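Topology and contacts: notes
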Amino acid sequence: MLGSSPTSELWSAPPLSYVVVILCVFLVIKVLLQPYIQTNIPPFPARPYPILGHLPYIVKDQRIKLNEFRKTTGDIYSLYFGSQLFVVVSGLRLVKEALVKHGATLSDRAPMPHLEGGDMGIVFANGPLWKEQREVSLAILKSFGMGKSSLALKMREELDAYLDTLAALKGKPEDVHTLTSTSVANVICSIIVGKRFEYTDPLFVDFVKDFFRQVAETENISPVVIWPWLRFIPGNFMRAKTLDRCIKMILSKFCDRFIELTEKQRGTEDAPETFITSYLEEMEKLSAKGKDTTLSKGHLRRILQQLFLAGTETTTITLLWFMVFMLRHPDIQQKVYDEITSVTNSDRYPDMQDRTRLPYTTAVIMETQRRSSVSPTSVPHYCRADTSIEGYTIPAGAIVLTSLDSVLLDGDIWEEPLSFKPERFLDQAGNVVKPEAFVPFSMGKRICMGEALANMELFLYSTSLVQRFKLQPCEPGQVPSLDYREGLTCPPKPFKIRFVERESTV
Ligand code: HEM
């Protein structure tokens, strides 16, 4: 006979409110104790605060603080932000070990719930999706001549417009940040949408300005990465919505507009061949063959946005640092000019083939990249499975920050690391050497996808600038400082510069 058992009579479900309270208590205890219950993780440089962890230590001057932590704790240490574990890896040996030897477990990106579509495209994607999107995009960029003379020729049109605009300033002191970023953005545009924009085009200039303003407010260790729910608070509390807004702005004002335009133009005579058309063709080819592919218009718009974001800011900032160093070291600027004129006879601009004939100039550009270290903690990586480094365990789910700063500015590797010494990239015969510790583009599977394009841009812009102009400070002797603005990347603080046209120009 079926009847109620003695146990079911005794046991009745606890009221829902009890369950909620118990769950909350459990969650609070977990958050409070999390930093103390992980075993064998790399050491803490300082005692974590309850709930906030180490966040209060790095509210300001993240870059300086991480460097201090390395000195006190060593090349690998742990930080808690809330209940999220970050492991910071420093120094060439360990950065290489993390990114190359343990590339299989440490090459993912962290989930980005605060960014709509945050796992699409390349930069924040993982697994086979990331692999296919990266391979296809890289192949398209190469087919457009990334790193080759054919693209350098196209870049010339943009460069001429940029140099002419600088010449029109007639040596007047000017902050050229916006102009330079607009010009660099145009290089990416000419590849992905097949056209450059006039500097007087208010829509484009406003778009680039807005983009840079928002990127400047974004940080690598941002509270919203740790507490994604911050984005639900009305307004833009703790800048939780800044990056998402920036991305949405690029998507709507740029990517969607151009994908739509390209689709309308496709098949017509004047349809330009662009990154967009090549991606769409590849996508259609694969689906016509019935192949399983992740290529889609959704990913395409994300990739365009990411190429724009990753490709414009870093290159612009490096060029601004180049200007700063040329103002601070007129003797080096003169040597660069002399070398360029000796190769080009001043009757043409340098091209990519001249790179091997301009070792000193190449060394100056490399030293600019080393000394400015524009991406001090690279883009964060994510630990997919427990990984052992130096006898410590980096547990699955930890975010790994590889300190490129600690490699590029390491006093054990570079003599007088804070001094600007291009000669360190030249051997005794005057040839360029590239030490393993030269890692501005990071290393391993996630190494910068645009390295070849960035190198072209840096070479062609820097050489053209010095060849055509004397870069001079506003007042003699008043050179810009090496102070930087802290963020995802580190640009110099705003400065003014005079571009004085040289007598014999090309
Ligand atoms: C001086 C200029 C540049 C610097 C210093 C730079 C640096 C970097 C760094 C440090 C990373 C992160 C690597 C990692 O996660 O370990 C990265 C990733 C990336 N960069 Fe660059 N970059 C530059 C220019 C460019 C350009 C021009 C493009 C565009 C074509 C570009 C596209 C990308 C992409 C798509 C990624 C993500 C790669 C992935 O997640 O697989 N970058 N870059």
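Residues numbered from 1 in each chain as written. Predicted model: local features only at pLDDT ≥ 70, side-chain atom pairs only at ≥ 80, totals over all residues. Heavy atoms only, no water.

The protein chain has the name Cytochrome p450 2u1 in an unreviewed UniProt entry, where Plakobranchus ocellatus is given as its organism. For the record of the protein chain, the UniProt heading Cofactor (unreviewed entry) holds the text "heme". (UniProt positions renumbered as here; feature names shortened; annotations may be inferred.)

1. Here we look at the environment of M449
Structurally, the position occupied by M449 is in the loop between α16 (404-408) and α17 (451-468). Taking relative accessible area as the criterion, M449 reaches 13% and is therefore assigned buried. Sequence spacing of M449 and G311 is 138 residues, and the spatial spacing of their C-alpha atoms is 9.3 Å. Not counting the four nearest positions on each side in its chain, M449 is found in contact with I122, R134, S137, L138, L141, M146 and L307. (Helix = DSSP H or I, 4+ residues; strand = E, 2+ residues; numbered from the N terminus. Buried < 20%, exposed > 50% of the residue type's maximum accessible area, 1.4 Å probe, protein only. Contact = heavy atoms within 4.5 Å.)

2. So, the layout of surface pockets
Computed from the structure, the second largest pocket encloses a volume of approximately 590 Å³. For the second largest pocket, the lining is made up of 24 residues, of which R63, N67, D405, L409 and L418 are closest to its centre. The set of elements that each furnish at least two residues to the lining of the second largest pocket consists of α3 (62-73), α13 (297-328), α15 (359-372) and α16. Element by element, the count of residues in the lining of the second largest pocket is highest for α3, at 6 residues. (1 Å grid on protein atoms, 1.4 Å probe; cavity = no way out; pocket = protein on both sides within 12 Å on 5 of 7 lines; lining within 4 Å. Points joined across faces, edges and corners; volume = space filled by probe spheres on them.)

3. Considerations on unusual backbone geometry
Its identity is not glycine, yet D61 carries a phi of approximately 50°, on the positive side. With a phi close to 50°, K170 is a non-glycine residue in the positive phi region. On the secondary structure map, K170 appears in the loop between α7 (149-168) and α8 (177-192). Here K170 falls in the exposed class, since its relative accessible area comes to 75%.

4. Remarks on the pattern of salt bridges
Tallying each qualifying case throughout the model produces 27 salt bridges. The closest approach of N and O atoms between E390 and R93, which form a salt bridge, is 3.1 Å. Residue E390 is found in the loop between β4 (387-389) and β5 (392-394), and its partner R93 is found in helix α4 (residues 92-101); the two are separated by 297 residues along the sequence. Residue class for E390 comes out partly exposed when judged on its relative accessible area of 41%. Here E416 ties to K421 by a salt bridge, and the two come within 3.2 Å at their closest N and O atoms. For E416, a relative accessible area of 46% gives the class partly exposed. Classification of K421 as partly exposed rests on a relative accessible area of 25%. Residues joined in a network through salt bridges with shared partners are R348, D351, D354 and R357. (Salt bridge = Lys/Arg side-chain N within 4 Å of Asp/Glu carboxyl O.)

5. Overview of the site of the ligand
Every one of the 28 residues lining the ligand counts as a neighbour, but W130, R134, S442, R446 and C448 are closest to it. One of the side-chain N or O atoms of R109 is found 2.9 Å from an oxygen atom in the ligand. Going through the elements one at a time, α6 (127-143), α13 and α17 are the ones with two or more residues in the shell around the ligand. The element contributing the most residues to the shell around the ligand is α13, with 6 residues. Among the residues forming the shell around the ligand, the class breakdown is 14 nonpolar, 10 polar and 4 charged. (Near = heavy atom within 4 Å. Polar contact = N/O pair within 3.5 Å; in protein donor to acceptor, adjacent residues only side chain to side chain. Nonpolar A, V, L, I, M, F, W, Y, C, P; charged D, E, K, R; others polar.)

6. Focus on α13
With 32 residues, α13 should cover 46 Å at 1.5 Å per step; its first-to-last C-alpha distance of 47 Å lies within 8% of that length. The buried fraction of α13 amounts to 26 of the 32 residues, a majority that puts the element mostly inside the structure. (Expected span 1.5 Å × (residues − 1).)

7. Looking at the UniProt feature "binding site: heme" (unreviewed entry) in the protein chain
Using the residue numbers shown here, the UniProt feature "binding site: heme" (unreviewed entry) corresponds to C448. Mapped onto the elements of the fold, C448 is located in the loop between α16 and α17.

8. Notes on the packing of α8 against α13
Running from amino to carboxyl end, α8 crosses α13 at an angle of 140°, the nearest separation of the two axes being 9 Å. As the angle between them shows, α8 and α13 are arranged oblique. As α8 runs across α13, the sense of the crossing is right-handed. Of the residues in α13, those in contact with H177, T180, S181, V184, A185, I188, C189 and I192 of α8 are L304, L307, F308, G311, T312, T315, T316, L319, L320 and M323. (Axes fitted to C-alpha atoms, helices over the stretch in contact; angles between N-to-C directions. Parallel < 35°, antiparallel > 145°, perpendicular 65-115°, else oblique. Left-handed = near helix turned anticlockwise from the far one by under 90°.)

9. Notes on empty space enclosed by the protein
One water molecule sets the probe size; rolling that probe over the atoms shows where empty space is left. All chains considered together, the criterion is met by 6 cavities of 30 Å³ or more. Here the largest cavity is characterised by a volume of approximately 80 Å³. The wall of the largest cavity is formed by 10 residues, among which Q62, P376, T377, E486 and G487 lie closest to the centre. Classifying every residue of the lining of the largest cavity by side-chain character gives 4 nonpolar, 4 polar and 2 charged.

10. Some points on the state of the cysteines
In the structure shown here, the tally under the stated rule is 0 disulfides. For C189, which is in no disulfide, the shortest distance to another cysteine sulfur is to C255 and amounts to 9.7 Å. C255 gets classed as buried once you look at its relative accessible area, which sits at 0%. (Disulfide = S-S within 2.5 Å.)

11. Overview of the packing of α8 against α17
In contact at an axis separation of 12 Å, α8 and α17 are set at 135° when each is read in the N-to-C sense. Judged on the interaxial angle alone, α17 and α8 are oblique. Along this stretch, α8 crosses α17, giving a crossing that reads as right-handed. Seen from α8, the contacting residues are S183, V184, V187, I188 and I191; seen from α17, they are L453, E457 and Y461. When its residues are assigned to classes, the contact of α8 with α17 shows 6 nonpolar, 1 polar and 1 charged.

12. Side note on the sheet that holds strand β3 (residues 381-382)
Picture the strands of a sheet paired through backbone hydrogen bonds; they go either parallel or antiparallel. Taking strand neighbours across the sheet as the criterion, the 4 strands line up as β1-β2-β6-β3 in an open arrangement whose pairing is mixed. The outermost strands of the open sheet, each flanked by one partner alone, are β1 (76-81) and β3. Sheet topology places β3 next to strand β6 (residues 399-402); 2 bridges connect them, and they run antiparallel. Following the sheet pairing, H381 is matched in β6 by V400. (Pairing = 2+ DSSP bridges.)

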